[in-house]
Amino acid sequence: MLPWTSVPHPQLPGQGIPLRLHDTATGEIRPTAPGPTARMYVCGITPYDATHLGHAATYLAFDLVHRIWRDAGHDVHYVQNVTDIDDPLLERAARDQDDWVVLGMRETALFREDMESLRVLPPREFVGAVEAIGEIVELVAKLLASGAAYRADDAQHPDVYFDHRATGRFGYESGYDEQTMNRLSAERGGDPDRPGKRHPVDALLWRTARDGEPAWESELGAGRPGWHVECTAIALNRLGTTFDVQGGGSDLIFPHHEFSAAHGEALTGSHPFARHYSHTGMIGLDGEKMSKSKGNLVFVSRLRADDVDPMAVRLALLSGHYRDDRSWTNDLLEASTARLARWREAVSMPAGAPVGDVLERVRTHLADDLDTPRAIAALDAWAGETLNRRGRDTDAPRLIGSCVDALLGITL
Ligand code: ZN
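Below or above, wherever it landed, is the structure these notes cover. (Residues numbered from 1 in each chain as written. Predicted model: local features only at pLDDT ≥ 70, side-chain atom pairs only at ≥ 80, totals over all residues. Heavy atoms only, no water.)

1. A look at the sheet that holds strand β9 (residues 223–225)
Adjacent strands of a sheet form backbone hydrogen bonds with each other and so pair up, either parallel or antiparallel.
And step 1. Here we have four strands laid out as an open sheet, ordered β6-β7-β8-β9, and antiparallel in their pairing. Each edge of the open sheet carries a strand with a single partner, namely β6 (149–151) and β9. In this sheet, neighbouring strand axes are inclined to one another by 25 degrees on average, regardless of whether the strands run parallel or antiparallel.
And step 2. Sheet topology places strand β7 (residues 160–162) next to strand β8 (residues 203–208); three bridges connect them, and they run antiparallel. Note on β8: the bridge partner recorded for Y161 is L204.
And step 3. This element, helix α7 (residues 253–268), spans β7 and β8 of the sheet and lies at about 95 degrees to β7. (Pairing = 2+ DSSP bridges. Helix = DSSP H or I, 4+ residues; strand = E, 2+ residues; numbered from the N terminus. Axes fitted to C-alpha atoms, helices over the stretch in contact; angles between N-to-C directions. Contact = heavy atoms within 4.5 Å.)

2. Considering the pattern of salt bridges
And step 1. Using the criterion set out here, one finds 32 salt bridges in the structure.
And step 2. One salt bridge in this structure joins D405 and R119, with 3.1 Å as the shortest N-O distance. Here D405, found in helix α13 (residues 396–408), pairs with R119, found in the loop between α3 (100–117) and β5 (125–128); they are 286 residues apart in sequence, far enough to count as distant.
And step 3. When its relative accessible area of 14% is taken as the criterion, D405 is described as buried. (Salt bridge = Lys/Arg side-chain N within 4 Å of Asp/Glu carboxyl O. Buried < 20%, exposed > 50% of the residue type's maximum accessible area, 1.4 Å probe, protein only.)

3. Re the packing of helix α10 (residues 330–347) against α13
Helix-helix packing is characterised by the crossing angle of the two axes and by the distance between the axes.
And step 1. Running from N to C, α10 and α13 point in directions that differ by 140 degrees, and their axes come no closer than 8 Å. In terms of their interaxial angle, α10 and α13 are classed as oblique. In this structure, α10 uses W343, A346 and V347 to contact α13, whose residues at the interface are P397, I400, G401, V404 and L408.
And step 2. Looking at the contact of α10 with α13 residue by residue, the classes come out as seven nonpolar, one polar and no charged. (Parallel < 35°, antiparallel > 145°, perpendicular 65-115°, else oblique. Nonpolar A, V, L, I, M, F, W, Y, C, P; charged D, E, K, R; others polar.)

4. Focus on the coordination of the zinc ion
And step 1. C43 (SG), C231 (SG) and H256 (NE2) make up the full set of protein donors to the zinc ion, lying at 2.0 to 2.1 Å.
And step 2. All donor residues of the zinc ion come from one chain, and their arrangement in sequence is C-x187-C-x24-H. Highlighted residues: C231 in helix α6 (residues 227–239) and H256 in helix α7, separated in sequence by 25 residues. Neither C231 nor H256 differs from the other in exposure class; each is buried. (Donors = N, O, S within 2.8 Å, 3.2 Å for Na, K, Ca; no water.)

5. Let's talk about the sheet that holds strand β4 (residues 75–82)
And step 1. Spatial ordering of the open sheet is given by β5-β4-β3-β10-β11, a layout of five strands whose pairing is parallel. A single partner strand is all that each edge strand has here, and the edge strands are β5 and β11 (274–280). Shown here is a sheet whose adjacent strand axes are inclined to one another by a mean of 20 degrees, direction ignored.
And step 2. In this sheet, β4 lies alongside strand β3 (residues 37–42) in parallel orientation, the contact comprising six bridges. Within β4, the position partnered with R39 by the bridge is H77.
And step 3. Where α6 meets the sheet, its contacts fall on β3, β4, β5 and β10 (243–249), and the angle it forms with β4 comes to roughly 155 degrees.

Remember, this is a structural readout, not a statement about activity or role.
In structure tokens, the structure reads:
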């Protein structure tokens, strides 16, 4: 698939700071230590609906990782998938009497527009599950041959499952106990009650063809891929083993990231699948959980249609810490719109408060597990002094504008 269009990314003076990031597997904030090319995989959308603010917050957090690495001099190999074949897409298409291919293409196109409007730097490779089916089949066939995968005991539908005990390390990424795993597996697309599996938690790798469902012919028999193995194949074949960051929302900690890691480790024998497993908090609406079942999703495209400045949306989502569950409110949007206007006024002044260590402070806070609230506070302080006409530094407005653009992705 074609990714969306990139935006200019100004070079800043001086040297960027190495990023420290929280890792779910160890529970620690640890340095990322990428080589000259930093390697990141972030799980993409299932395109059955428009991009809501929870998705946007996730891609903005990893956009900061991308920007901080680039500022520190790394080339960034960023891969993102699109789950353009899976149950939710087929269910929505059936409900709306829509064609699942058309639905997926339409929502993916809208997602690209949303990402462009929010100035998210595009991935280098943007890969749909459908276009990766050949590589997924190859991976599943190897897992079957090695004994890490098995056929369900079901003559009619001998689907392929992953034996979660295959690596001997299952659970290290999430740290969850068995009861929690079974519960989350049921809530998040798994099938713990399916008869014929060796263990309830085992995850689907290949679903054999069913009447009325799309299926692809393969050496595994006609069928379609499971979700976790899609990300394993796409990531491993482009980033290799032990890449730097595996990212997604906190609802992907289990089962999705636990299994995509276990599949990859069982296949290659290499551990860990990713050096950091990084997860973003959930975005609620007015203090309530935002979910499709509650019907209270706020879509980026809806805000754009209402003429909300995407830069205000971006600033609003970045004003909280990426790991915290937080709420979207009208007050937050209004405060962020006002802050954006203040920053814009300050950088349009002929001279500003001395830049001093503002750039250094913004870099330091962002490199400390993406501490956007403190980075934003440092910029607020500079804007406040500048608007009080305290400064005579004629370079400052331009430099602060570049800093906000390059590191926070916001054009002033
Ligand atoms: Zn994924």
